[in-house]
Amino acid sequence: MTGGPKNQDDADYSAVRQRPASAFGVRQDKAIAGFVLVMIVVIWVSVITVTGNEETTAITAAISSNDNLARVLEEHSLRTLEAADQISRQLAHEYEEQGRALNLPVWHKGLNFHPMLHIFAAVIGAQGDALLHSGGDFKPVNLADRPYFKAHMESGSRMPLIS
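Residues numbered from 1 in each chain as written. Predicted model: local features only at pLDDT ≥ 70, side-chain atom pairs only at ≥ 80, totals over all residues. Heavy atoms only, no water.

Colleague: I'd like to hear about the nonpolar core, residue by residue, with values.
Modeller: Side chains that are nonpolar tend, in soluble globular proteins, to be buried together. Within the largest apolar cluster, eleven residues are counted, these being Ile87, Leu91, Leu102, Leu104, Trp107, Leu111, Ile119, Ala121, Val123, Leu131 and Leu132. Taken together, the elements giving at least two residues each to this core come down to helix H2 (23–98), helix H3 (104–109) and strand E2 (130–133). When neighbours within four sequence positions are excluded, Leu102 is seen to be in contact with Leu91, Glu94, Tyr95, Trp107 and Leu132. (Core = buried A, V, L, I, M, F, W, Y, C linked by side-chain atoms within 4.5 Å. Buried < 20%, exposed > 50% of the residue type's maximum accessible area, 1.4 Å probe, protein only. Helix = DSSP H or I, 4+ residues; strand = E, 2+ residues; numbered from the N terminus. Contact = heavy atoms within 4.5 Å.)

See the structure below:
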């Protein structure tokens, strides 16, 4: 025997192993590897670009939403303060006209304000005594020791304090 292949599988393996590498095969492998590398770079650039766009879109949407919430809060606050101011001015006017004869609970029930807006109205005399209030049971109370009352009295103003 000459040392040749013993069966057909050995012959096929031996032929492949003995075949010299061609320059075309090496170039083809490098071209495929280069193409795969380029595709990986393209995919990563696309992912980074899309992620950046999504982040920008999300930030823009959040800013817009916050702007809308801030505007709504501002409008609601202004309406609430305007309603309270209107009620306070009307109470001052009614008290100037009627004095202690003003039936504050009845007057208060006749007001037309938003049901979610809770208004408690009271008239406090110069000595700090509660003269009238819109609550149910009237219990005399003195507010002369309260900081807002002291500040108003120390200011020397003769105007009614609406707070």
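Picking up where we left off.
Colleague: An account of the side chain of Ser134 is needed here, citing residue identities and associated values.
Modeller: Mapped onto the secondary structure, Ser134 falls in the loop between E2 and helix H4 (147–155). Those residues in contact with Ser134 that sit more than four places away from it in its chain are Leu104, Pro105, His108, Ile119, Phe120 and Ala121.

Colleague: Residues and numbers for the side chain of Glu94, please.
Modeller: Inspection of the secondary structure assignment puts Glu94 in helix H2. Within the buried set, Glu94 has no salt-bridge partner at all; the shortest N-O distance to an opposite charge, 14 Å, is to Arg89. Not counting the four nearest positions on each side in its chain, Glu94 is found in contact with Gly99, Leu102 and Trp107. (Lys, Arg positive; Asp, Glu negative; His and termini not counted. Salt bridge = Lys/Arg side-chain N within 4 Å of Asp/Glu carboxyl O.)

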